[in-house]
Amino acid sequence: NAGVMQNPRHLVRRRGQEARLRCSPMKGHSHVYWYRQLPEEGLKFMVYLQKENIIDESGMPKERFSAEFPKEGPSILRIQQVVRGDSAAYFCASSPARDSSSTDTQYFGPGTRLTVL
Amino acid sequence: QQQVKQSPQSLIVQKGGISIINCAYENTAFDYFPWYQQFPGKGPALLIAIRPDVSEKKEGRFTISFNKSAKQFSLHIMDSQPGDSATYFCAASRRGGSNYKLTFGKGTLLTVNP
């Protein structure tokens, strides 16, 4: 049973470019979360999605950032016109549907390390 | 506003010793408290978790102690090993609606010397 998959693992962008980060949840999981980790910091919640729905985007910057989780395919975190302050590790986590016995557990992927030059 | 405060920031323990990491939370609505272990360049991995209806949970060498009245919980690593050297994060969340998001502490860098 493959875990949460993220790609790319490393991404380098120049200021002003777009960054697209992909996340494939664990098999059977329908809930996806995105977190950002700055150096020497804990993880900060960004957005919570279910298939085709954004449930909570309270942690996501209002501008330049967007996320989706289409009916088919991976979840995408998109950062437009990147700036140096966007350099961080971005982690995706997934959890099962709410009617299962371990709904609170979130399983994390290996992360995408974004560097903005 | 930091809702989950974690201490110490770093910890050095000798092999075979006990590592203790503490967390305090502010939001009394939190009802799920996991600990994650993260190695450099990797994603966080769930270590152990507790709900507030119990005061202690043990899995192998790892124990969570939970004090609901003090709004504190801690991770104890018994017989610490060099392979336990990693960053440990406590977290909290609450059920219901869109409230499953995890709020993390800032992490503790544990070094276990051989």
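Residues numbered from 1 in each chain as written. Chains lettered and ligands numbered in written order. Predicted model: local features only at pLDDT ≥ 70, side-chain atom pairs only at ≥ 80, totals over all residues. Heavy atoms only, no water.

Novice: Just checking my understanding: could you explain the overall build of chain A for this structure?
Specialist: Looking only at helices and strands, one finds zero helices and 11 strands in chain A. Taken over the C-alpha trace, chain A has a radius of gyration of 14 Å; the compact-globule value for 117 residues is 13 Å, and the two agree within 12%. Dimensions of chain A, computed from the C-alpha atoms along their principal axes, are close to 45 × 25 × 25 Å. Split into buried and exposed, the 117 residues of chain A put 45% on the buried side. Of the contacts formed within chain A by residues at least 6 apart in sequence, a portion of 54% connects residues at least 24 apart. For chain A, the computed accessible surface area is about 5,900 Å², with 46% contributed by carbon and sulfur atoms. (Helix = DSSP H or I, 4+ residues; strand = E, 2+ residues; numbered from the N terminus. Rg over C-alpha atoms; globule rule 2.2 N^0.38 Å. Buried < 20%, exposed > 50% of the residue type's maximum accessible area, 1.4 Å probe, protein only. Contact = heavy atoms within 4.5 Å. Areas by Shrake-Rupley, 256 points an atom, 1.4 Å probe, with all protein chains shown as cover.)

Novice: Is there a simple way to think about the overall build of chain B in this case?
Specialist: Secondary structure assignment for chain B yields zero helices and 11 strands. Relative to the globule expectation of 13 Å for 114 residues, the C-alpha radius of gyration of chain B, 14 Å, shows essentially globular dimensions. Each principal axis of the C-alpha distribution contributes one length, and for chain B these read about 45 × 30 × 20 Å. Evaluated residue by residue, chain B yields a buried proportion of 43% over its 114 residues. Excluding contacts between residues fewer than 6 apart, the proportion of contacts in chain B whose partners are at least 24 apart in sequence is 53%. A total of about 5,400 Å² of accessible surface is found on chain B, and carbon and sulfur atoms cover 48% of it.

Novice: How should the state of the cysteines be read in this particular structure?
Specialist: Disulfides are covalent bonds that link the sulfur atoms of two cysteine residues. One pass over the full model with this rule turns up two disulfides over all chains. Between the sulfur atoms of A:Cys23 and its disulfide partner A:Cys92 the distance amounts to 1.7 Å. Of note, the bridge from A:Cys23 to A:Cys92 carries an S-S torsion of about -50° and is left-handed in sense. Here A:Cys23 is found in strand 3 (residues 19–24), whereas its partner A:Cys92 is found in strand 9 (residues 88–95), with 69 residues between them in sequence. This pair shows no difference in class: A:Cys23 is buried, exactly as A:Cys92 is. One disulfide bridge connects B:Cys23 with B:Cys90, the sulfur atoms lying 1.8 Å from each other. On the sign convention where negative means left-handed, the S-S torsion of about -90° between B:Cys23 and B:Cys90 marks this disulfide as left-handed. (Disulfide = S-S within 2.5 Å.)

Novice: Help me understand the environment of A:Phe65, please; the structure alone is not making it clear to me.
Specialist: Residue and element names in this part refer to chain A. Turning to its location among the elements, Phe65 is positioned in strand 7 (residues 65–68). Considered as a pair, Phe65 and Ser30 are 35 residues apart in the sequence and their alpha carbons are 22 Å apart. In this structure Phe65 touches Arg36, Met46, Met60, Arg78, Ile79, Asp86 and Tyr90, once residues within four positions along its chain are discounted.

Novice: Just checking my understanding: could you explain the interface of chain A and chain B for this structure?
Specialist: By a frequent convention, interface size equals the accessible area lost on bringing the separate parts together. Each partner contributes to the interface: chain A provides 22 residues, whereas chain B provides 19 residues. At the boundary of chain A and chain B, one finds one salt bridge. Between B:Lys101 and A:Asp56 there is a salt bridge, with its nearest N and O atoms 3.4 Å apart. Put simply, chain A and chain B have eight residue pairs in polar contact (both at pLDDT 80 or more) between them. Looking at the side of chain A that touches chain B residue by residue, the class counts come to nine nonpolar, six polar and seven charged. (Salt bridge = Lys/Arg side-chain N within 4 Å of Asp/Glu carboxyl O. Polar contact = N/O pair within 3.5 Å; in protein donor to acceptor, adjacent residues only side chain to side chain. Nonpolar A, V, L, I, M, F, W, Y, C, P; charged D, E, K, R; others polar.)

Novice: Honestly, the nonpolar core in this entry has me stumped. Any pointers?
Specialist: Generally speaking, a soluble globular protein has its nonpolar side chains buried in company with each other. Counting residues in each nonpolar core, the largest one holds 24 residues, and the members touching the most others are B:Phe33, B:Trp35, B:Phe73, B:Leu75 and B:Tyr88. Broken down by secondary-structure element, the contributors of at least two residues to this core are strand 2 (10–14), strand 3 (19–25), strand 4 (33–38), strand 5 (45–50), strand 7 (62–67), strand 8 (72–77), strand 9 (86–92) and strand 11 (108–113) of chain B. A:Leu49, A:Val82, A:Tyr90 and A:Cys92 belong to the second-largest nonpolar core, a separate cluster that totals 23 residues. (Core = buried A, V, L, I, M, F, W, Y, C linked by side-chain atoms within 4.5 Å.)

Novice: What is the right way to look at the pattern of salt bridges in this model?
Specialist: Pairing of side chains with opposite charge becomes possible as their charged atoms draw close. Residue and element names in this part refer to chain B. Counted under the stated rule, the structure contains six salt bridges over all chains. Residue Glu59 is joined to Lys57 by a salt bridge in which the shortest nitrogen-to-oxygen separation is 3.6 Å. On the accessibility criterion, Glu59 (38% relative accessible area) is partly exposed. As a salt-bridge pair, Asp84 and Arg61 come within 2.8 Å of each other at their nearest N and O atoms. Taken together, the residues span a long stretch of sequence, with Asp84 in the loop between strand 8 and strand 9 and Arg61 in the loop between strand 6 (56–59) and strand 7 at a distance of 23 residues.

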